[in-house]
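Chain by chain, the residues:
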There are 2 protein chains.
Amino acid sequence: MPDRHRDKAKVAVFISGVGTNMAALLYAGRQPGSPYEVVLVASNDPEAQGLDLARGEGVASFAKPHRGMAREQHDALMEQATIDAGADYIALAGYMRILTPVFVARWKGRMLNIHPSLLPLYPGLDTHARAIAAGDTKAGATVHLVTDELDMGEALGRAEVAIRPDDTPENLAARVRLAEHQLYPRVLADYIARVHQAQAPLAGAMQ
Amino acid sequence: MPDRHRDKAKVAVFISGVGTNMAALLYAGRQPGSPYEVVLVASNDPEAQGLDLARGEGVASFAKPHRGMAREQHDALMEQATIDAGADYIALAGYMRILTPVFVARWKGRMLNIHPSLLPLYPGLDTHARAIAAGDTKAGATVHLVTDELDMGEALGRAEVAIRPDDTPENLAARVRLAEHQLYPRVLADYIARVHQAQAPLAGAMQ
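Owing to the predicted nature of the structure, the values given are computational and were not obtained by experimental measurement.

Peer 1: Can you help me understand the relation of the copies chain B and chain A in this one?
Peer 2: Relating one copy of the chain to the other requires a rotation about an axis plus a shift along that axis. If you rotate chain B by 180° and push it 0.0 Å along the axis, it lands on chain A with an RMSD of 0.0 Å. Interpreted geometrically, this transformation is the action of a two-fold axis. Comparing interface residues between copies, 100% of those in chain B also sit at the interface in chain A, which points to an isologous, same-surface contact.

Here it is in structure tokens:
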């Protein structure tokens, strides 16, 4: 039986693309004192660049295209890979799939997402274009717990980024991404340090 | 008199280019619990992109081209801007100037640099091409204290990045940069938490 007070929490990261937030989580997890480590990178796109980075770093990877498959079935395969990797937590990092309520319920309190806006502002897509169009002076990113309501779970942390008068959505997105890379690993580490160790005695008592 | 046990340490970041490590330091410094904040971004190139990011974020900036000026004079202007901003520490982040020994001596123990190799391997330039040419299986970055010997001060922290069989220096550099963005803010924060507060009683006693 693992000693949760001493072992690092194990995190699976779900991606659909380049995976820079995943890379941030992975490299931060290797710094001294991190309470977690990334043990799996999983994707719905076998061509996702981040999979190569993970494999190169010796981290397990899993990819299963979602096309031609029921949502429940795809979620189940992703979940099985997560369990096989021994992951305690899931970090969504640019994973462009809506998860089924059953899956979300099962990982309640153990699944986080990062969203490129200062939630509750701008859930959904095109967040930076919408913030610029609205005349906002700041944008940012939010890390939140995942619930059935899209981008609406409890916010665990935010990073603000100034919007400049001449900003384009692309320029703004590049700067917000730099802030995201600082936000996500810290919020995940803080959350895990708080929740993972607090749950350990309970988990032990139930076994 | 500032209470160093409560105040955040103030950091000036010197850059010459895009300044993504500077941005990492800046945004990390704004996360809850950070023991430091970035109060100045200074450059020898008025066109350095990072200056715009700093200004947009409301951080003081300073730029002075080094051409046609003695090295001592340019260092002195950079130092004056640093002092004017109230900075206790200098973080070099892609600052492509060799500093004068007088300047280095004055900031001994209070000036850090990040170098894109696993020092003591590959000080100097073209580190990733040299690591690939040598057949190394890993590259990385090192944060170190700045001394008169180029890239040879005490190492405070390292991040390793796997080299892939098909790697180019450019691809490798992009991945190392993601690791650097996790490394530098953590090492700076740890160093400041250790040194800045430890020095406070001494500083108080001497005043």
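Peer 1: I'm lost on the packing of aromatic side chains in this one. Help?
Peer 2: When we look at a pair of aromatic rings, we describe it by the centre distance and by the angle of the planes. All names here are of chain A. What the rule picks out here adds up to six aromatic pairs over all chains. A ring pair is formed by Phe14 and Tyr95, whose centres lie 5.2 Å apart and whose planes are at 65°; its orientation type is edge-to-face. Of this pair, Phe14 sits in strand β1 (residues 9–15) while Tyr95 sits in the loop between β4 (89–92) and α4 (101–106), and the two are 81 residues apart along the sequence. Taking the relative accessible area as the measure of exposure, Tyr95 reaches 8% and is therefore buried. Site record: aromatic cluster; members linked through ring pairs are Phe14, Tyr95, Phe103 and Trp107. The aromatic ring of Trp107 is capped on one face by Arg110, whose charged end is 4.2 Å from the ring centroid.

Peer 1: In this structure, what is going on with the interface of chain B and chain A? I would like to understand it.
Peer 2: Accessible area lost upon the coming together of the parts is a frequently used measure of interface size. Counting from both sides, the interface comprises 25 residues of chain B and, opposite them, 25 residues of chain A. Along the contact surface separating chain B from chain A lie zero salt bridges. Between the two partners, chain B and chain A, sit six residue pairs in polar contact (both at pLDDT 80 or more). Where the side of chain B that touches chain A is concerned, the elements lending two or more residues are α1 (20–29), α2 (49–56), β7 (155–162) and α6 (169–206) of chain B. By residue number, the principal contributor to the side of chain B that touches chain A is α6 of chain B, which donates eight residues. When its residues are assigned to classes, the side of chain B that touches chain A shows 12 nonpolar, five polar and eight charged.

Reading guide: rules and limits
Residues numbered from 1 in each chain as written. Chains lettered and ligands numbered in written order. Predicted model: local features only at pLDDT ≥ 70, side-chain atom pairs only at ≥ 80, totals over all residues. Heavy atoms only, no water. Least-squares fit on C-alpha atoms with pLDDT ≥ 70 in both. Contact = heavy atoms within 4.5 Å. Phe/Tyr/Trp six-rings, centres within 6.5 Å; stacked < 30°, edge-to-face > 60°. Helix = DSSP H or I, 4+ residues; strand = E, 2+ residues; numbered from the N terminus. Buried < 20%, exposed > 50% of the residue type's maximum accessible area, 1.4 Å probe, protein only. Lys NZ or Arg CZ within 6 Å of the ring centre and 35° of its normal. Salt bridge = Lys/Arg side-chain N within 4 Å of Asp/Glu carboxyl O. Polar contact = N/O pair within 3.5 Å; in protein donor to acceptor, adjacent residues only side chain to side chain. Nonpolar A, V, L, I, M, F, W, Y, C, P; charged D, E, K, R; others polar.

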